[in-house]
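Reading the structure
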Amino acid sequence: MDFKSAARMGFILALSIFLLMFSSFITPKINVSRAQNENKRGFAAVNIRDDYEVYLSQHKDAPYPDESITINAVDFIAAEPAVDIVEGLGGIPGKAVKTDEEGYIEWKVNINKAGLYNIKIEYYPIKGRGSSIERELWINGKLPFFGAGHLTFSRVWSDAEPIKQDNRGNDMRPSQAESPRWEQSYFQDYMGYYNEPYYFYFEAGENTIRLVSVKEPMAIKSITIEQAPKSLPYKQIADTYQKKGYKNYEGTPIKVQGEHAYLKSDPTLYPVYDRASPSTEPYHPSKIRLNIIGGYRWNLPGQWIVWKVNVPEDGLYRLAFKVRQNMVRGSFSNRRLLIDGEVPFAEAENLKFKYKNDWVMYELTDDNGKPCLFYLEKGEHEIKLEVTLGALAEIIRTVESSLYRLNEAYRKIIMVTTPTPDPYRDYQLEQQIPDVIKELDEQGDIIDKMAQQLIAYTGQRGSQSAILYRLSYQLRDMARRPERIPRMLNDFKTNIGSLGTWILSAREQPLEIDYIWLGSPTQRLPEVSTNFVQKVFHEVRSLIASFTEDYNSIGNVYSGEALKVWIQTGRDQAQVLKQIIDDTFTPQTGIPVNLELVQPGTLLPAVVAGIGPDVALQLGIGDPVNFATRRAAIDLTQFEDFYEVAQRFHDSALVPYRFNNGVFALPETQSFPMLFYRADILEELGLQVPETWEDVFNILPVIQKNHMDFGIPISTTQTPGAGMTSFTMLLYQMGGKLYREDGISTALNEEEAIEAFKMWTELYVNYKFPVQYDFANRFRIGEMPIGIADYQTYNFLSVFAPEIRGLWDFAPVPGMKKPDGFIDRSVPSGGTAAMIVRGVRDKDAAWEFLKWWTSTEAQERFGREMESLLGAAGRYPTANIEALEKLPWPIKDYKNLMEQWQWVKGNPEVPGGYFMPRHLDNAFRKVVYGGEDSRETILDYVRVINEEITNKRIEFGLPTLEDLKNDTGR
């Protein structure tokens, strides 16, 4: 070979090596570009918070015509499905259209002048599942902006009965009942990020308006297109008072206790008690007195409470509130004040309640520090306080927009670097993703500006502004020195998570109210502070009472032959259950019940010692069979109507409680996995939601090429030991089972189980699925845009990830496609149970209690009460099929749940079965981490599991696998 040929080959070889090394940089750039090209609106195109501002900017030159056009709801032009015309709802004459929780209704409207208008609806909340009503608004066949797809309208709630006391002198929380009436509401932002109602642009001439049902039924009387009224400043109102010669009220002050609220927007706004201060009314040092309302249950924009007050004469009144805001340090809680449905003057749009650790009297004052007065005519009036964000609205709205953009920037960065980049490698990010680098710099400036606005709003620097300043500094640093981004990526991710938490906490506007005071402008406000002597006396009385009060028993306590029931969950759940028992079960059956709240783990020792309960609730899924093997639980099949009661549940719900031809518990809750996915990210990547595992494997290259993950639980931070869920899902879909011959041995050595184990481990060996992760957080920032998780994750995401509302959904899990095209979507389930304990004094009474507790009526009410107590995060996963249907699920999501529930299978519980998840986990780790052969590994552990099952069966006097072989001659 001559020198020229050798040089040519050397050059080609060097060029090939260079291109090979450089290809790792080129490929991610192509992926990012493809994602951007598919995303028709460019960077951050699905930025839901900017959507409305973009819409307004498109119509920035449009006028705001001072016109009002009212549409009678009955004059609709189309509806699907057919709607009913109703008359006289709420005792008010007139016709209305009843719309269901599915479908749409459409009207035509003629607009004289093109421009931007507000829209007001007059509606009546028809009884449904008990949650807020939600609709989409389409104008001329288009959804104007993202927020128009999430218009919410509150229901109206009130105390179902006056506050009562149990037989120990404690106030009992009244149940919340719907008190529907005709309401008027402007279409506005469901998150409270805009203090004014939405504006919608209408062309001159004929337009169409369509309302699409998303959740809950409602009746509509009219829709008005107009300009929402603006409130005048107090100075002008005060001048009007003077011109009209209004006189001061000089009579006796009027006091309305906060707990005696007339109406409210949410069932969570029930009376609560305060024993921390001796100044609350009414007061008791040890007994429960429901003497206040609000707190953290009254903290989200849009929530409101109405009090009714009867004034004795016409006149100018001084209005004050006894409040405590000791929860948001360094900031304010904001409220809008309305009297008889109207804001009396502009300053009442935003009442700011400062942080203070004790009760104070708050009243609105004018520019000179004098009390603002309110003119009230003789008779009944409604005083309404509504949660708003006030000046915080713009700050939070802007920061949330930045959060969404930063999440997208983070995803684009890891498309190049992976989530765990090499800190010593230069990824040339300024060349690969220059738009992201520019975005980081811009967002750094925006967040810094918001931090300054926050300091101006609160009047101080503090922890609230610290996260904003920290992130803005980091963003600018990353933009100036892109080569440092790989080393800063983990901190960047952490700060993005902190920013999401900041938004959640900043939105919270808690406030407690003891009473409302109306009096003469010349009278002094009541003194509400407590001195040192009063506080000491209060603490001493409380200390003495702690030795005499029984804090374990809940509600009414009966002596004699009362049914003794133990519950192992929280006090809130116990109080709700006891109230339902005293309201319904005891009056209906005449069986008194003593409910006691006990610590988990105390039941078995108590039963062994002979001091256990008659009935135990909220037991873990393995507890009933564990008790049954020790003859400490009652077989429920001995009751004549057992099989009738069992029809309330799916067959799968009873499987874990079957043992030796008996059933030893009834299911209370049942949960199962669903497939969660980020619709925005899948759309960005051009992917469809997978129906089968083959579909999963087809979309994995795109997801993983962009350095994202598909999540299947093994041992997550939220559900440790979740491997059984993912393994049994594959096992059941392949037609396998966990045990054979009534649990006499494991069936993991059968071919279906071996194949399921092989596929399960290959997901993590060959496809590199993550073993440990925090699904909620990774799903929220987009690192894991699709994954399988327990369906209760829905509740968590709904409450704690509001910035991605409308961008995610859930569906049945991927399944195994059979040769005939049939897709098997089988999944396992978990849950809690209720059982009758050995030594029960009255088996029939205990059975009556179990039947009542698992009935549709009791489960529905308990579920609704828990949601009214804890909000959507406390949605109860009842095992009763009919009860779940009546809980406040959006109809689309409920249908998805029902579709998956048909495929749920229960995992049998057997003596020694605790070895199954333990050694399944060991086998998994040997294969995934140790590189062992999957078939040989699972067969080795089958022998270990069978040995423990045999030992336990010998211990409990049950036939073993060896006995079976001897009997059959095998």
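What comes next is a walk through the structure. Not measured: the values here are computed from a predicted model.

Our focus in this paragraph is the side chain of R336. In this structure, R336 sits in strand 23 (residues 332–339). Of note is the side chain of R336, whose polar atom sits 2.7 Å from the side chain of E349. Leaving out residues up to four positions away in the same chain, R336 has contacts with N195, V343, A348, E349, K384, L385, E386 and T388.

What follows is about the pattern of salt bridges. Applying the stated criterion across every chain, the model contains 51 salt bridges. Its salt-bridge partner being E102, residue K895 comes within 2.8 Å of it at the nearest N-O pair. Taken as a pair, K895 in helix 24 (residues 891–901) and E102 in the loop between strand 4 (95–99) and strand 5 (104–111) lie far apart in primary sequence, 793 residues in all. Measuring nitrogen to oxygen at the nearest pair gives 3.1 Å for the salt bridge that ties E750 to R740.

A word on the sheet that holds strand 37 (residues 710–711). Ordered in space as 37-40-36-41, the four strands form an open sheet in which the pairing is mixed. The two strands at the open ends of the sheet, each matched to only one other strand, are strand 37 and strand 41 (808–811). Of the pairings in the sheet, the one linking strand 37 to strand 40 (residues 786–790) comprises two bridges and is parallel in character. By the bridge assignment, G711 is partnered in strand 40 with G787. Lying over the sheet, helix 20 (residues 793–800) contacts strand 36 (673–678), strand 40 and strand 41, oriented at roughly 170° with respect to strand 41. Against the sheet, helix 24 makes contact with strand 36 and strand 41, and its axis sits at roughly 30° relative to strand 41, the strand it touches most.

Right, let's talk about the nonpolar core for a bit. Within the largest apolar cluster, 162 residues are counted, with the highest numbers of intra-cluster contacts made by F200, L440, F492, W502, F676, L748 and Y764. The element contributing the most residues to this core is helix 4 (residues 392–417), with 14 residues. Not counting chain neighbours up to four residues away, the residues in contact with F200 comprise Y55, G115, L116, Y117, I119, L137, I139, P144, F145, A148 and F187.

It is worth spelling out the packing of helix 10 (residues 571–589) against helix 21 (residues 843–853) at this point. With their axes 11 Å apart at the nearest point, helix 10 and helix 21 run at an angle of 120° to one another. The orientation of helix 10 relative to helix 21 falls into the category oblique. In the packing of helix 10 onto helix 21, the handedness of the crossing is right-handed. Where helix 10 approaches helix 21, its residues L577, I580, I581, T584, F585 and Q588 are matched on the opposing element by A845, E848, F849, W852 and W853. Of the residues contributing to the contact of helix 10 with helix 21, the split by class is eight nonpolar, two polar and one charged.

Quick look at the pairing of strand 1 (residues 69–72) now. What you see with strand 1 is a clean split: I69 and I71 sit on the buried side and T70 and N72 on the side with no burial. When strand 1 meets strand 16 (residues 218–226), the two strands line up antiparallel, connected through four bridges. Note on strand 16: the bridge partner recorded for T70 is T224.

Within the fold, Q176 resides in strand 12 (residues 176–178). A polar contact is formed between the side chain of Q176 and the side chain of D159, at a distance of 2.9 Å. In terms of polar contacts, Q176 uses its side chain to reach the backbone carbonyl oxygen of P174, at 3.1 Å. Residue contacts for Q176: discarding those within four places in its chain leaves W157, S158, D159, A160, K264, P267, L269, Y270, P271 and E865.

So, about the packing of aromatic side chains. Applying the stated criterion to the full structure yields 56 aromatic pairs. Note on Y117 and F202: the rings are 6.1 Å apart at their centroids and 75° apart in plane angle, and the pair reads as edge-to-face. With a gap of 85 residues between them, Y117 in strand 6 (residues 115–124) and F202 in strand 14 (residues 200–202) connect regions that are remote in the sequence. Note on Y117: relative accessible area 0%, which makes it buried. Put simply, the rings of F672, F676, F775, F779, Y791, Y794, W808, F810, W889 and W901 touch in pairs and so form one group of aromatic residues. When the ring centre of W182 is taken as reference, the NZ or CZ atom of K221 above it lies at 4.5 Å.

Contact geometry of helix 6 (residues 434–458) with helix 7 (residues 463–480) gives a least axis separation of 8 Å together with a crossing angle of 155°. The orientation of helix 6 relative to helix 7 falls into the category roughly antiparallel. Seen along the crossing, helix 6 lies across helix 7 with a hand that is left-handed.

Cut-offs and rules
- Residues numbered from 1 in each chain as written.
- Predicted model: local features only at pLDDT ≥ 70, side-chain atom pairs only at ≥ 80, totals over all residues.
- Heavy atoms only, no water.
- Helix = DSSP H or I, 4+ residues; strand = E, 2+ residues; numbered from the N terminus.
- Polar contact = N/O pair within 3.5 Å; in protein donor to acceptor, adjacent residues only side chain to side chain.
- Contact = heavy atoms within 4.5 Å.
- Salt bridge = Lys/Arg side-chain N within 4 Å of Asp/Glu carboxyl O.
- Pairing = 2+ DSSP bridges.
- Axes fitted to C-alpha atoms, helices over the stretch in contact; angles between N-to-C directions.
- Core = buried A, V, L, I, M, F, W, Y, C linked by side-chain atoms within 4.5 Å.
- Buried < 20%, exposed > 50% of the residue type's maximum accessible area, 1.4 Å probe, protein only.
- Parallel < 35°, antiparallel > 145°, perpendicular 65-115°, else oblique.
- Left-handed = near helix turned anticlockwise from the far one by under 90°.
- Nonpolar A, V, L, I, M, F, W, Y, C, P; charged D, E, K, R; others polar.
- Phe/Tyr/Trp six-rings, centres within 6.5 Å; stacked < 30°, edge-to-face > 60°.
- Lys NZ or Arg CZ within 6 Å of the ring centre and 35° of its normal.

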